[in-house]
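If you want the building blocks of each chain, they are given just below.
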Amino acid sequence: MRFVQTSSSRIAVDVTGEGEPLLFIHGFPLDHRMWQAQTVHFSRKYQVLAPDLPGYGLSSPLEGPYTLHDTAAGLIEVLEKLAPGKRVTVFGLSMGGYIAWQLVHRWPERIARLVICHSRSAADTPETARGRRIAIEGIRQSGPAAFLAAMLGRLLAPQTQAAQPAVVSAVQGWMQQASPESLTWTLDAIAGRPDSTPWLAAIQCPTLILAGSEDPITPAAEMRELAGQIRSSRFVELPDAGHLSPCECPARFNSLLEDFLSATSP
Ligand code: MLT
């Protein structure tokens with residue numbers, strides 16, 4: 001792991017391989033390990049950068065309110081240190097996708113391609129934001145166990161839960177390492193994120209939008225509609241995948257990504 005001190009945090013980054021940089025931004029409440037299969041595969045040909053976002057993995061803890069824009073700005077500082085002057089292909093899963101929208105909106109000149117997995121551009125509905133406030137209260141009062149158990153059931157497709165116990169226990173282990181403070185400050189930051197939909201029409205770089213047929217959190221139909229608003233995008237729906245396809249079906253995920261990277265090679 002490399003450690004980069006940004007203006008607001010100390011960020012741990014798994015850096016492997018050499019070549020064109022690929023930045024993998026993890027979802028909530030995980031860390032860079034959710035991209036293990038991608039790191040192994042893509043570091044043969046690319047420089048793979050897989051950070052732990054602030055509050056997760058080995059990065060510095062979250063001690064107060066922040067925004068996903070702050071996180072994106074921190075990642076730009078990381079890129080300046082680890083891939084100076086280079087354009088990067090950004091992979092964002094779910095919360096990582098929310099951060100990726102910030103990157104492509106604010107720093108379009110730094111982004112070579114965009115891959116959005118299991119995410120959305122819309123802000124929270126009032127009902128979803130209310131659910132997050134209830135979750136924050138629940139974690140503060142009783143700890144995170146109930147919240148994490150409910151979340152695990154929604155992250156993985158029923159097929160994964162039935163047939164891949166090693167994936168279930170790995171994801172559960174990663175989630176359990178997040179501190180209650182990280183969970184609550186991140187729920188607050190996610191609930192406060194802006195609607196990125198008005199930004200989609202301005203995206204110029206090649207973009208892949210990836211959905212899972214069994215994902216209850218970011219349904220495939222919503223992601224297909226989102227892809228329709230990005231001029232340079234293609235949309236793929238992975239059958240039998242839930243919200244975490246990079247872990248659930250890594251071989252299919254990697255091969256799709258490999259095809260996209262080859263087809264859009266600069
Ligand atoms: C994630 O996987 O990052 C979360 O599901 C994001 C969210 O709760 O909106």
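Residues numbered from 1 in each chain as written. Predicted model: local features only at pLDDT ≥ 70, side-chain atom pairs only at ≥ 80, totals over all residues. Heavy atoms only, no water.

1. Quick word on the overall build of the chain
Thinking step 1. The number of helices and strands found in the chain is eleven helices and eight strands.
Thinking step 2. Its C-alpha atoms give the chain a radius of gyration of 17 Å, near enough to 18 Å, the size a compact globule of 266 residues would have.
Thinking step 3. The C-alpha extent of the chain, read off along each of the three principal axes, is 50 × 40 × 35 Å.
Thinking step 4. Burial status across the chain gives 55% buried among its 266 residues.
Thinking step 5. Across the chain, every contact between residues at least 6 apart in sequence was considered, and the portion connecting residues at least 24 apart equals 78%.
Thinking step 6. For the chain, the exposed area adds up to about 11,000 Å²; of that, 54% sits on carbon and sulfur atoms.
Thinking step 7. Put simply, the chain has 22 plus and 25 minus side-chain charges, and the middle of one group is 4 Å from the middle of the other. (Helix = DSSP H or I, 4+ residues; strand = E, 2+ residues; numbered from the N terminus. Rg over C-alpha atoms; globule rule 2.2 N^0.38 Å. Buried < 20%, exposed > 50% of the residue type's maximum accessible area, 1.4 Å probe, protein only. Contact = heavy atoms within 4.5 Å. Areas by Shrake-Rupley, 256 points an atom, 1.4 Å probe, with all protein chains shown as cover. Lys, Arg positive; Asp, Glu negative; His and termini not counted. Charge placed at Lys NZ, Arg CZ, Asp CG, Glu CD.)

2. Some points on helix α2 (residues 68-82)
Thinking step 1. Given a rise of 1.5 Å per residue, 15 residues ought to cover 21 Å, and the 21 Å separating the end C-alpha atoms of α2 matches this to within 8%.
Thinking step 2. Among the residues of α2, those classed as buried are Leu68, Thr71, Ala72, Gly74, Leu75, Ile76, Val78, Leu79 and Leu82. (Expected span 1.5 Å × (residues − 1).)

3. Some points on the site of the ligand
Thinking step 1. If you check the shell around the ligand, you find Gly27, Phe28, Ser94, Met95, Tyr98, Arg132, Met151, Ile190, Ile217 and His243 and nothing else.
Thinking step 2. Tyrosine 98 places a polar side-chain atom, nitrogen or oxygen, 2.5 Å from an oxygen atom of the ligand.
Thinking step 3. At a separation of 2.9 Å, an oxygen atom of the ligand approaches a polar side-chain atom of histidine 243.
Thinking step 4. Contact with the protein chains covers 95% of the free accessible surface of the ligand, which is 270 Å².
Thinking step 5. Class assignment for the residues of the shell around the ligand results in six nonpolar, three polar and one charged. (Near = heavy atom within 4 Å. Polar contact = N/O pair within 3.5 Å; in protein donor to acceptor, adjacent residues only side chain to side chain. Nonpolar A, V, L, I, M, F, W, Y, C, P; charged D, E, K, R; others polar.)

4. Re unusual backbone geometry
Thinking step 1. With an omega of -5 degrees, the peptide bond running from phenylalanine 28 to proline 29 counts as cis.
Thinking step 2. Of note, serine 94 is a non-glycine position whose phi angle comes to about 55 degrees, a positive value.
Thinking step 3. Its identity as a non-glycine residue notwithstanding, histidine 118 has a phi of 50 degrees, on the positive side.
Thinking step 4. Locating histidine 118 in the fold gives a position in the loop between β6 (111-117) and α4 (126-142).

5. Description of the packing of aromatic side chains
Thinking step 1. In the structure shown here, the tally under the stated rule is seven aromatic pairs.
Thinking step 2. Residues phenylalanine 24 and phenylalanine 42 carry aromatic rings whose centres are separated by 6.4 Å and whose planes lie at 35 degrees to one another, so their mutual orientation is tilted. With a gap of 18 residues between them, phenylalanine 24 in strand β3 (residues 21-25) and phenylalanine 42 in helix α1 (residues 36-42) connect regions that are remote in the sequence. Accessibility assignment for this pair places phenylalanine 24 and phenylalanine 42 in one class, buried.
Thinking step 3. Here the aromatic cluster, defined as three or more aromatic residues joined through ring pairs, consists of Phe24, Trp35, Phe42, Tyr46, Phe91 and Phe253. (Phe/Tyr/Trp six-rings, centres within 6.5 Å; stacked < 30°, edge-to-face > 60°.)

6. Things to note about the sheet that holds strand β4 (residues 47-51)
Thinking step 1. Pairing within the open sheet is mixed, and its eight strands lie in the order β1-β2-β4-β3-β5-β6-β7-β8. The open sheet is flanked by β1 (2-5) and β8 (233-238), the only strands paired with a single partner. Neighbouring strand axes in the sheet, compared pairwise and without regard to direction, differ in orientation by 20 degrees on average.
Thinking step 2. Strand direction decides the pairing type here: β1 and strand β2 (residues 10-16), joined by four bridges, are antiparallel. Paired with phenylalanine 3 across the strands is alanine 12, a residue of β2.
Thinking step 3. Together, β3, β5 (88-93), β6 and β7 (207-212) form the strand contacts of helix α3 (residues 95-106), whose direction differs from that of β6 by roughly 155 degrees. (Pairing = 2+ DSSP bridges. Axes fitted to C-alpha atoms, helices over the stretch in contact; angles between N-to-C directions.)

7. A word on the nonpolar core
Thinking step 1. The biggest cluster of nonpolar side chains holds 88 residues, and the ones touching the most others in it are Phe28, Val90, Trp101, Leu103, Leu114, Val171 and Leu257.
Thinking step 2. Those residues in contact with valine 90, other than ones at most four positions away along the chain, are Leu23, Ile25, Ala100, Leu103, Ile111, Arg113, Leu114 and Val115. (Core = buried A, V, L, I, M, F, W, Y, C linked by side-chain atoms within 4.5 Å.)

8. Points about the pairing of β8
Every other side chain in a regular strand lies on the same face of the sheet, so the side chains alternate between the two faces.
Thinking step 1. Across six bridges, β7 lies against β8 in parallel orientation. Along β8, the bridge assignment pairs leucine 208 with arginine 234.
Thinking step 2. Where the polypeptide runs from β7 across helix α9 (residues 220-227) and back to β8, its parallel neighbour, the crossover connection is right-handed. (Right-handed = clockwise from strand over helix to strand, strands pointing away.)

9. Considering the pattern of salt bridges
Thinking step 1. Scanning the model with the defined rule gives nine salt bridges in all.
Thinking step 2. A salt bridge links glutamate 237 to arginine 224, with the nearest nitrogen and oxygen atoms 3.9 Å apart. Of the two residues, glutamate 237 is situated in strand β8 and arginine 224 in helix α9; the sequence distance between them amounts to 13 residues.
Thinking step 3. One network of salt bridges, in which partners are shared, links Asp124, Arg132 and Arg193. (Salt bridge = Lys/Arg side-chain N within 4 Å of Asp/Glu carboxyl O.)

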